[in-house]
Amino acid sequence: MKKLLAGVLALLLLLVAFAGGYFLAGGSVPGAAEDPAPAEAKAAPAAPAAVPQEAAKAEPEKAAPAAVPVRPVAAVKAATARFSIELGVFRSAGNAQDFAAALAGRGLPVEIVETMDAAGGQWHRVRAGAFADRWQAEARRPSFERTAGIGGVVVEEPLAATQPAKAGGGE
């Protein structure tokens with residue numbers, strides 16, 4: 001009898017906890033959009049059946065553009081830096097080469113950038129891609145992470161005042 005009573009009490013506590021969370025969250029399903037039409041429908045008299053169909057057609061047209069991020073052209077500034085996705089940092093040049101080769105085998109455009117820390121130690125940074133702005137790099141980061149199988153971070157690298165000519169005749 002005590003086990004049955006304890007079980008019923010536990011179920012009641014769970015019910016209260018879930019119901020409380022439901023009402024605290026506004027009493028709706030997460031991700032469901034609020035429909036402003038019911039307030040207007042209560043105030044307006046009954047309309048012909050053709051009007052709701054027209055409203056239903058207009059609703060998807062409004063939802064489609066919101067799914068695509070849009071950046072105004074005016075936000076683009078002169079290229080003073082380049083952005084890439086850093087996927088690994090190594091002390092050993094060999095480890096960096098092995099990791100970069102594995103990523104290149106998966107189809108990622110990778111390069112190794114050698115940097116020095118404040119103590120004079122050398123680091124080999126494996127970076128993928130070259131983007132004109134942070135927005136482009138952040139947009140591509142998830143696909144690069146899926147391909148690489150590891151998380152990455154967008155980094156900024158200042159461009160030199162003049163780009164050196166390529167040894168192979170330049171492009």
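Going along each chain's sequence as written, the residues are numbered from 1 onward. Thresholds applied to this predicted model are a pLDDT of at least 70 for local features of residues and 80 or more for the giving and counting of side-chain atom pairs; totals over whole chains, interfaces and linings are not thresholded and use all residues. Water and hydrogen atoms play no part in the side-chain values, which are based on all heavy atoms of the structure.

*Asks:* Help me understand the overall build of the protein, please; the structure alone is not making it clear to me.
*Replies:* A count of helices and strands for the protein gives five helices and four strands. When the elements of the protein are put in sequence order from the N terminus, they spell out α-α-α-β-α-β-β-α-β. Each residue is assigned to one of three classes by its accessible area relative to the maximum for its type, calculated with a 1.4 Å probe on protein chains only: buried under 20%, partly exposed between the two thresholds, exposed over 50%. Burial statistics for the protein: of 171 residues in total, 16% are counted as buried. Of all intrachain contacts in the protein linking residues separated by at least 6 positions in sequence, the fraction that spans at least 24 positions is 64%. Only the protein chains shown count as cover for residues, with accessible areas throughout obtained via the Shrake-Rupley method and a probe of 1.4 Å. Surface exposure of the protein reaches about 13000 Å², of which carbon and sulfur atoms provide 64%. Numbering goes from the N terminus for both helices and strands, where a helix is a DSSP run of H or I of at least four residues and a strand is a run of E of at least two. Contact definition: two residues touch when any of their heavy atoms are within 4.5 Å.

*Asks:* Looking at this structure, I do not really get the sheet that holds strand 3 (residues 122–131). What am I missing?
*Replies:* Sheet strands line up and pair through hydrogen bonds in the backbone, either parallel or antiparallel. Two strands are said to pair when DSSP picks up at least two bridges between them. Within the open sheet, the four strands sit side by side as 2-3-1-4. Their pairing is antiparallel. The open sheet terminates on both sides in strands that have one partner only, identified here as strand 2 (110–116) and strand 4 (153–158). Each strand of the sheet is rotated relative to its neighbour by a mean of 45°, with strand direction disregarded. Looking at chain direction, strand 1 (residues 81–90) and strand 4 are connected through six bridges and run antiparallel. Looking at strand 4, one finds that Arg-82 is bridged to Glu-157. Here an axis means a line fitted to C-alpha atoms, over the contact stretch when the element is a helix, while the angle between two N-to-C directions is reported on a 0 to 180 degree scale. Against the sheet, helix 5 (residues 134–148) contacts strand 1, strand 3 and strand 4, and its axis sits at roughly 30° relative to strand 1.

*Asks:* I tried to follow the environment of Ala-104 on my own but got confused; where do I start?
*Replies:* Mapped onto the elements of the fold, Ala-104 is located in helix 4 (residues 93–105). Residues Ala-104 and Ala-128 lie 24 residues apart in sequence; the distance between their C-alpha atoms is 9.2 Å.

*Asks:* Explain the packing of aromatic side chains here, please?
*Replies:* In this description, an aromatic ring pair is defined by two values, namely the gap between the centres and the angle between the planes. Pairs were defined over the aromatic rings of Phe, Tyr and Trp, the Trp ring being its six-membered one, requiring ring centres within 6.5 Å. Orientation was assigned from the angle between planes: stacked under 30 degrees, edge-to-face over 60, tilted for the rest. Taken as a whole and judged by the stated rule, the model has two aromatic pairs. Judged by centre distance (5.5 Å) and plane angle (55°), the ring pair of Phe-90 and Phe-99 falls under tilted. Between Phe-131 and Phe-144, the ring centres sit 6.1 Å apart and the planes meet at 55°, which makes this aromatic pair tilted. You can see Phe-131 sitting in strand 3 and its partner Phe-144 sitting in helix 5, a full 13 residues away along the chain. With relative accessibility at 12%, the residue Phe-131 sits in the buried group. Here Phe-144 falls in the buried class, since its relative accessible area comes to 5%.

*Asks:* Please clarify how the pattern of salt bridges should be interpreted in this entry.
*Replies:* Where charged atoms from two side chains of opposite charge approach closely, those side chains can pair. When a carboxyl oxygen of Asp or Glu lies within 4 Å of a side-chain nitrogen of Lys or Arg, that pair is called a salt bridge. Summed over all chains, the structure comprises eight salt bridges. Between Arg-127 and Glu-86 there is a salt bridge; the shortest N-O distance is 2.9 Å. Remark: Glu-86 occurs in strand 1 and Arg-127 occurs in strand 3; sequence separation between them is 41 residues. Across this residue pair, the class does not change: Arg-127 and Glu-86 are buried. Each member of the salt-bridge network shares a partner with another, and the members are Glu-86, Arg-125, Arg-127 and Glu-157.

*Asks:* Please clarify how helix 4 should be interpreted in this entry.
*Replies:* Residues three or four positions apart in an α-helix share a direction because the helix packs 3.6 residues into each turn. In this scheme, a helix's expected span is set at 1.5 Å multiplied by one less than its residue total. Taking 1.5 Å as the rise per residue, helix 4 with 13 residues should run 18 Å; its terminal C-alpha atoms sit 18 Å apart, in good agreement. The inward-facing, buried residues of helix 4 abut strand 1, strand 2, strand 3 and helix 5. The N-cap of helix 4, judged by a side-chain oxygen 3.3 Å from the amide nitrogen of Gly-94 a few residues on, is Ser-92. Directly beyond the C-terminal end of helix 4, a positive phi value near 95° is found at Gly-107. Any pair of nitrogen or oxygen atoms within 3.5 Å is treated as a polar contact; in protein, a donor-acceptor pairing is required on top of that, and neighbouring residues in sequence qualify only through side-chain atoms on both sides.

*Asks:* Help me out: how do you make sense of a nonpolar patch on the surface in this one?
*Replies:* Excluding any residue in a salt bridge, patches collect residues exceeding 30% relative accessible area, merging like charges within 9 Å and nonpolar Val, Leu, Ile, Met, Phe, Trp and Tyr side chains within 5 Å. On the surface, a cluster of nonpolar side chains totalling about 580 Å² of accessible area is made up of Met-1, Leu-4, Val-8, Leu-12 and Leu-15. Secondary-structure assignment places Met-1 in the segment before helix 1 (2–24). Given a relative accessible area of 83%, Met-1 falls into the exposed group.

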